[in-house]
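Residue-level structural notes
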Amino acid sequence: MHGSTQHGTSTHAATDAAIAVEDASLAHNYHPLPVVVASAEGAWVTDVEGRRYLDCLAAYSAVNFGHGNPRLLEAARAQLDRVTLTSRAFHNDRLGPFAEELAALLGKEMVLPMNTGAEAVESGIKLARAWGYRVKGVRPGAAKIIVANGNFHGRTTTIISFSDDEEARADFGPYTPGFVSVPYGDADALEAAIDDDTVAVLLEPIQGEAGVVVPPVEYLPRVRQVTRDRNVLFIADEIQSGLGRTGVTVSCDLVDVVPDLYLLGKALGGGIVPVSAVVGDRDVLGVLRPGEHGSTFGGNPLAAAVGLEVVRMLASGEYQERASRLGARLRTGLEALIGHGVTEVRGAGLWMGIDIDPAVGSGRQVCERLMERGVLAKDTHGSTIRLAPPIVISEDEIDDLVDTLVSAIDDLR
Ligand SMILES: *Cc1c(COP(=O)(O)O)cnc(C)c1O
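Here's a quick rundown of the structure. (Residues numbered from 1 in each chain as written. Predicted model: local features only at pLDDT ≥ 70, side-chain atom pairs only at ≥ 80, totals over all residues. Heavy atoms only, no water.)

1. Notes on the sheet that holds strand S13 (residues 375-376)
Applied cut-off: We call two strands paired when DSSP finds no fewer than two bridges between them. Each helix is a run of H or I in the DSSP string that is no shorter than four residues. Each strand is a run of E no shorter than two, and both are numbered from the N terminus.
Here we have four strands laid out as an open sheet, ordered S1-S2-S3-S13, and mixed in their pairing. Looking along the sheet, the strands with just one partner apiece sit at the ends: strand S1 (37-41) and S13.

Below you can see the structure in the form of structure tokens.
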């Protein structure tokens, strides 16, 4: 790519020094690529050596609208000067408009604001259980939630309790009971797992961490039908798939499915602050009573001001249209690589999972070659790399990205 300094031949002193400091004093719960970002703008980041990289991870889709998006920065700056934190012990004048417009964007009635994605998932689980006991009439303590194999919903002890990723789970027990996992994409298996104690089905409409796994087109409509018929809530975790990434507002829109609860996070905070939310109707969100659930930072005025601007940007539809159009271009470019070091390409909008032929190398090796060429991307599950550039990326940059991937794969062959 056209970085300002040639990659590979330049110095690494500042990078090595920064990484040494991190290694000495940070818990080693990540294995980052050896690049130290110092600044960013739009789809590009610049490292401490002055090298530029096209950011094709976009903080796992938290930076959908680009780094330093002027509209979002302006909303944040204006709010910084007014008030940033009140707690929910008092009202604040940003939270109401944020909740009203976010609910309207998704055609729902109510919003429960939180901070991180994992908190939105935890809130959805608590809501489903309370709804099950108070509305559906499930036996006390028996509520059951159905999830899918290969899921990723976050890192809390309850959430990892229903993960099948041993790395994420081992040595963190005892685990929270009340979850049943079925194969992803198999509506018959899901239906067979429902019984009188089932309160909810919790799914990613497209599984992100699993490698951008898109289910068969009839799957989500059937899940919707079955959950409606059996009086079970359908909770869609749109934390990574939502908010423009797949060329629509939420990826359930791709198959015209409306779940009972949407879980949102990541891009809802515009890449500036952590903002998450559960969005649904009064029949479910209305079960919560004062004192039963909360968060010190959830719904704070700074978060609400940024989240409101994100909602308004999505309301115009321009980001969804752009992700759809540029995503089609990216997909065409990537599909031409099948048989040339790539075995499969999956995705929707500007979100692609690419399986690298194991004979060529690992996902990590490809990501290292991409980094040397000025592209940042992340591998998952050994042989898959995931591309999710900021939606502000240009058509020329998409073409350069595909060329760079070809070069990175050729370097390994
Ligand atoms: C990232 C993610 C989460 C967790 O979000 P955090 O903000 O990291 O807690 C939950 N669900 C999905 C689908 C995600 O991609």
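Still more to cover.
2. Comments concerning the packing of helix H3 (residues 70-80) against helix H11 (residues 301-315)
A pair of packed helices can be characterised by two numbers: the angle between their axes and the separation between those axes. Counted only if it meets this: Working convention: axes come from line fits to C-alpha atoms, limited for helices to the stretch in contact. Angles between N-to-C directions cover 0 to 180 degrees. Under this scheme an angle from 65 to 115 degrees is roughly perpendicular, one under 35 degrees roughly parallel, and one over 145 degrees roughly antiparallel; angles in between are oblique. Crossing handedness is defined as follows: a turn of the near helix away from the far one that is anticlockwise and smaller than a right angle gives a left-handed crossing, while the clockwise case is right-handed. Only heavy atoms enter the contact rule, under which two residues are in contact if any of them lie within 4.5 Å. Polar here means any residue outside two lists: the nonpolar Ala, Val, Leu, Ile, Met, Phe, Trp, Tyr, Cys and Pro, and the charged Asp, Glu, Lys and Arg; Gly therefore counts as polar.
Running from N to C, H3 and H11 point in directions that differ by 155 degrees, and their axes come no closer than 9 Å. Here H3 is positioned roughly antiparallel relative to H11, judged by the angle of their axes. The two elements H3 and H11 cross, and the hand of that crossing is right-handed. Of H11, the residues touching H3 (which contributes Arg-71, Leu-72, Ala-75, Ala-76, Gln-79 and Leu-80) are Pro-301, Leu-302, Ala-305, Val-306, Glu-309, Val-310, Arg-312 and Met-313. Taken together, the residues of the contact of H3 with H11 sort by class into 10 nonpolar, one polar and three charged.

3. A look at the sheet that holds strand S15 (residues 384-387)
Here we have four strands laid out as an open sheet, ordered S11-S12-S15-S14, and antiparallel in their pairing. Every interior strand has two partners, whereas the edge strands, strand S11 (342-348) and strand S14 (378-380), have only one. Across the sheet, the mean angle separating the axes of adjacent strands is 25 degrees when strand polarity is ignored. For S14 and S15, the ladder comprises three bridges, and the chain directions are antiparallel. Looking across to S15, one finds that Lys-378 is bridged to Arg-386. Relative to the sheet, helix H13 (residues 363-372) contacts strand S12 (351-356), S14 and S15, its axis offset from that of S15 by approximately 45 degrees.

4. Here we look at the site of the ligand
As a reminder of what qualifies: For this purpose, a residue is taken to be near a molecule or strand whenever a single non-hydrogen atom of the residue falls within 4 Å of it. N or O atoms within 3.5 Å of each other form a polar contact, as long as, within protein, one can give a hydrogen and the other can take it, and as long as residues adjacent in sequence are counted only when both atoms are side-chain atoms. Residue burial considers only the protein chains on display, and all accessible areas are found by Shrake-Rupley using a 1.4 Å probe.
Taken together, Thr-116, Gly-117, Ala-118, Phe-152, His-153, Gly-154, Glu-204, Asp-237, Ile-239, Gln-240 and Lys-266 make up the full set of residues near the ligand. In this structure, an oxygen atom belonging to the ligand sits 2.8 Å away from a main-chain N or O atom of Ala-118. Asp-237 is positioned such that a nitrogen or oxygen atom in its side chain is 2.7 Å from a nitrogen atom of the ligand. Contact with the protein chains covers 81% of the free accessible surface of the ligand, which is 380 Å².

5. Overview of the side chain of Asp-55
Applicable threshold: Type-normalised accessible area, obtained with a 1.4 Å probe on protein chains alone, sets the label of each residue: buried when under 20%, exposed when over 50%, and partly exposed for intermediate values. The charge count treats Lys and Arg as positive and Asp and Glu as negative. His and the chain ends do not count. By definition here, a salt bridge exists when the distance from a side-chain nitrogen of Lys or Arg to a carboxyl oxygen of Asp or Glu is within 4 Å.
Examined against the element boundaries, Asp-55 turns out to sit in strand S3 (residues 52-55). Buried charge without a salt bridge: Asp-55, with Arg-245 as the nearest opposite-charge side chain at an N-O distance of 8.4 Å. A distance of 2.8 Å separates a polar side-chain atom of Asp-55 from the backbone nitrogen of Ala-58. In this structure the side chain of Asp-55 is engaged in a polar contact, spanning 2.7 Å, whose partner is the side chain of His-67. Ignoring anything within four residues of it in the chain, the contact list for Asp-55 reads Ala-43, Val-45, His-67, Leu-376, Pro-389 and Pro-390.

6. Let's talk about the nonpolar core
Stated precisely, the cut-off is as follows: Among the buried residues, those of types Ala, Val, Leu, Ile, Met, Phe, Trp, Tyr and Cys that are joined through side-chain atoms within 4.5 Å form a nonpolar core. An automatic or database domain assignment provides the domain bounds reported here.
Residues Phe-98, Leu-102, Leu-268, Leu-330, Leu-334, Leu-387 and Leu-405 are the most contacted members of the largest nonpolar core, which totals 67 residues. Counting residues per element, this core draws most heavily on H11, which supplies nine residues. For this core, the two domains that each supply at least three residues are domain 1 (13-62 + 319-412) and domain 2 (70-316). Once you skip the residues sitting within four places of it in the chain, Leu-334 turns out to touch Val-345, Met-352, Ile-354, Leu-387, Val-402 and Leu-405.

7. A look at the pairing of S1
Summarising the sheet, S1 and strand S2 (residues 44-47) pair through four bridges and their orientation is antiparallel. The residue of S2 that forms the bridge with Ala-40 is Val-45.

8. Brief notes about the pattern of salt bridges
Close approach of charged atoms allows side chains of opposite charge to pair. For the structure shown, the criterion picks out 28 salt bridges. Asp-93 is the partner of Arg-94 in a salt bridge, and the nearest nitrogen-oxygen pair spans 3.6 Å. Of the residues examined, Asp-93 reaches a relative accessible area of 42% and is grouped as partly exposed. The salt bridge involving Asp-195 is made with Lys-144; its shortest N-O contact spans 2.9 Å. On the criterion of sequence distance, the pair formed by Asp-195 in the loop between helix H8 (187-193) and strand S7 (198-203) and Lys-144 in strand S5 (residues 144-148) is long-range, its members being 51 residues apart. The exposure class of Asp-195 is partly exposed, given its relative accessible area of 30%.

9. Focus: the packing of aromatic side chains
Let me state the cut-off plainly: Note on aromatic contacts: the rings of Phe and Tyr and the six-membered ring of Trp form a pair at centre separations within 6.5 Å, being stacked when their planes are under 30 degrees apart, edge-to-face when over 60 apart, and tilted otherwise.
Taken as a whole, this structure holds three aromatic pairs when the rule is applied. When the centroid spacing of 5.1 Å and the interplanar angle of 90 degrees are considered together, the rings of Phe-65 and Tyr-319 count as edge-to-face. Taken together, the residues Phe-65 in the loop between helix H2 (58-61) and H3 and Tyr-319 in helix H12 (residues 318-335) connect sequence positions 254 residues apart. For Phe-65, a relative accessible area of 2% gives the class buried. Between Tyr-184 and Tyr-219, the aromatic rings sit 5.5 Å apart at their centres with planes inclined by 70 degrees, giving edge-to-face as the arrangement.

10. Considerations on unusual backbone geometry
Following Gly-173, the chain continues into Pro-174 via a peptide bond in cis, with omega recorded as 5 degrees. In the Ramachandran plot, Ala-58 falls in the positive-phi region, its phi being about 50 degrees despite a non-glycine side chain. Inspection of the secondary structure assignment puts Ala-58 in helix H2. The buried category is assigned to Ala-58, whose relative accessible area is 0%. Not every positive phi belongs to a glycine, and Ala-59 is a case in point at roughly 50 degrees. Tracing the sequence through the fold places Ala-59 in helix H2.

11. Observations regarding H3
Every α-helix winds through 3.6 residues per turn, so residues three or four apart in the chain are directed the same way. Spelled out, the test is: Here the arc refers to the set of directions running from the helix axis out to each C-beta atom.
Along H3, the residues that are buried comprise Leu-72, Ala-75, Ala-76 and Gln-79. Buried residues of H3, viewed axially, fall in a sector of 95 degrees; they line one side. You can read the cap of H3 off the contacts: a side-chain oxygen lies 3.0 Å from the backbone nitrogen of Arg-71, and it is on Asn-69.

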